[in-house]
Amino acid sequence: MLVRDVMAQMERMYPAALQESWDSNGLIVGEPNQVVESILLAVDPVPQTVEQAVEGNYDMLITHHPLYLRGTNSVSCTDYKGRMVHELIRANVSLMNAHTNADAAARGVAWSLAHALGFEGTPFEPQESQKTTQLVGLGRYADLEEETTLGEFAARVAQALPAGPHGIYVGAPYGADGSMPIKRVAVSGGAGDSFLQKVRELGTDVYVTADLRHHPASEHLSEGKPALISGSHWATEWLWLPNLQDDLQAALPGVQVDLSRTCTEPWQEHKRTLG
């Protein structure tokens, strides 16, 4: 199996046509004709995961996030990204990523988060994939089989996400609390405050995402539903990796595909203030 074969399979699963116009996806470091016998999967291309790929003698590192989202004019060793590029090249480790094309794919990031919470869901703005008969698009929403409460659903989210220092934040609309009924739910892995108006228009009761900022979240909840559950960026997107592992393993027989379970959140601790 060659790097180009892995690239072709990733394109079949996460077509470049699905990516947002501002995004960057594909092969970042590596030779398309290089042999691949082992792949490491991770959310972030950071020193921890690069070190894991190099020390584990992997041939390829596939991440969700790009290394250079806004481009660069240098890969010198004067910064950490340049040093990672050199380290990968010296160790013959290829690096590629699938970002917003994986967010929107049929078995991508949003689908994986929904699946972990017990439903399949429909994309916020569904479109038919040119590659399959499945619907694709950013985010997912669905009606639960049984109504629950915000407190109970928040516990489900906390149980489903991989453990990390961040935990989850739960916000109820003004005048409501953890007992509010939950039937229609929406999810979007990673930073999701750009969808606050969309999930309201969809009539959802709760929205699960990450990186919600103070003012947009406060203003949203002051206007009413949906309630908000904000997990960590890494945790809400890591759930995609086991599904990617299964799909690559099935499509690339003979290639070892492993997961990085290293938490690459920038935070190490979460402490409550005592005042």
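Everything quoted here is computed from the prediction, not taken from an experiment. (Residues numbered from 1 in each chain as written. Predicted model: local features only at pLDDT ≥ 70, side-chain atom pairs only at ≥ 80, totals over all residues. Heavy atoms only, no water.)

Undergrad: Requested: an account of the pattern of salt bridges, with residues and values cited.
TA: Under the definition given, this model contains 7 salt bridges. Among the ionic pairs, D143 bridges to R184, the shortest N-O distance being 2.8 Å. Taken as a pair, D143 in strand β7 (residues 140–149) and R184 in strand β9 (residues 181–191) lie far apart in primary sequence, 41 residues in all. Taking relative accessible area as the criterion, R184 reaches 26% and is therefore assigned partly exposed. Between K225 and D205 there is a salt bridge, with its nearest N and O atoms 2.7 Å apart. Placement of the pair is K225 in the loop between α8 (214–223) and β11 (227–231) and D205 in the loop between α7 (196–201) and β10 (206–210), with a sequence separation of 20 residues. According to the relative accessible area criterion, K225 is partly exposed, its value standing at 43%. What makes D205 buried here is its relative accessible area of 8%. (Salt bridge = Lys/Arg side-chain N within 4 Å of Asp/Glu carboxyl O. Helix = DSSP H or I, 4+ residues; strand = E, 2+ residues; numbered from the N terminus. Buried < 20%, exposed > 50% of the residue type's maximum accessible area, 1.4 Å probe, protein only.)

Undergrad: Go over the nonpolar core with me, naming the residues and quoting the values.
TA: Ranked by internal contacts, the top residues of the largest apolar core, which has 51 residues, are M10 and I62. Judged by nonpolar contacts, the second largest core, of 14 residues, contains V29, A53, L88 and L95. (Core = buried A, V, L, I, M, F, W, Y, C linked by side-chain atoms within 4.5 Å.)

Undergrad: Give a description of the sheet that holds β11 that names residues and reports values.
TA: In spatial order, the strands read β7-β9-β10-β11-β8; together these 5 strands make up an open sheet with mixed pairing. Edge strands, defined here as strands with exactly one partner in the open sheet, are β7 and β8 (169–171). On average, each strand axis in the sheet is inclined to that of its neighbour by 25°, with strand direction left out of account. Here β8 pairs with β11 via 3 bridges, running antiparallel. For V170, the partnering residue across the bridge sits in β11 and is I229. Running at roughly 140° to β9, helix α5 (residues 109–116) makes contact with β7, β9 and β10 of the sheet. (Pairing = 2+ DSSP bridges. Axes fitted to C-alpha atoms, helices over the stretch in contact; angles between N-to-C directions. Contact = heavy atoms within 4.5 Å.)

Undergrad: I'd love a proper account of the packing of aromatic side chains, names of residues and values included.
TA: In the structure shown here, the tally under the stated rule is 4 aromatic pairs. Seen from their ring centres, Y14 and W240 are 5.6 Å apart, and the 75° between their planes marks the pair as edge-to-face. One end of the pair, Y14, is in the loop between α1 (3–13) and β1 (26–29); the other, W240, is in helix α10 (residues 240–251), and 226 residues separate them in sequence. Accessibility classification places Y14 together with W240 in one group, the buried group. Grouping aromatic residues by their ring pairs yields a cluster made of F124, F195 and Y207. (Phe/Tyr/Trp six-rings, centres within 6.5 Å; stacked < 30°, edge-to-face > 60°.)

Undergrad: An account of the packing of α1 against α10 is requested, with residue identities and associated values reported.
TA: As a packed pair, α1 and α10 sit with axes 11 Å apart at the nearest point and diverge in direction by 125°. Taken as axis vectors, α1 and α10 run oblique relative to one another. Read as a crossing pair, α1 and α10 show a hand that is right-handed. Across from Q9, M10 and M13 in α1, the residues of α10 making contact are L244, D247, L248 and A251. (Parallel < 35°, antiparallel > 145°, perpendicular 65-115°, else oblique. Left-handed = near helix turned anticlockwise from the far one by under 90°.)

Undergrad: Give me the lowdown on the pairing of strand β12 (residues 256–259), citing residues and values where you can.
TA: For a regular strand, side-chain orientation follows a simple rule: the groups alternate between the two sheet faces. Burial along β12 is one-sided: the face carrying V257 and L259 is buried and the face carrying Q256 and D258 is not. Judged from the 4 bridges that link them, strand β2 (residues 38–42) and β12 form a sheet pairing that is parallel. Each bridged residue has a counterpart across the sheet, and for L41 the counterpart in β12 is L259.

Undergrad: Quick rundown of the sheet that holds β12? Include the residues and the values.
TA: One open sheet holds the 5 strands; their spatial order is β1-β4-β3-β2-β12, and the pairing between them is mixed. Of all the strands in the sheet, the pair left with one neighbour each is β1 and β12. With direction set aside, neighbouring strand axes in the sheet form an average angle of 25°. In the sheet, β2 pairs with strand β3 (residues 60–63) via 4 bridges, with the strands oriented parallel. Looking at β3, one finds that I39 is bridged to M60. Contacts between α1 and the sheet are confined to β1, β2, β3 and β4 (94–97), with β3 contributing the most and set at about 20° to the helix.

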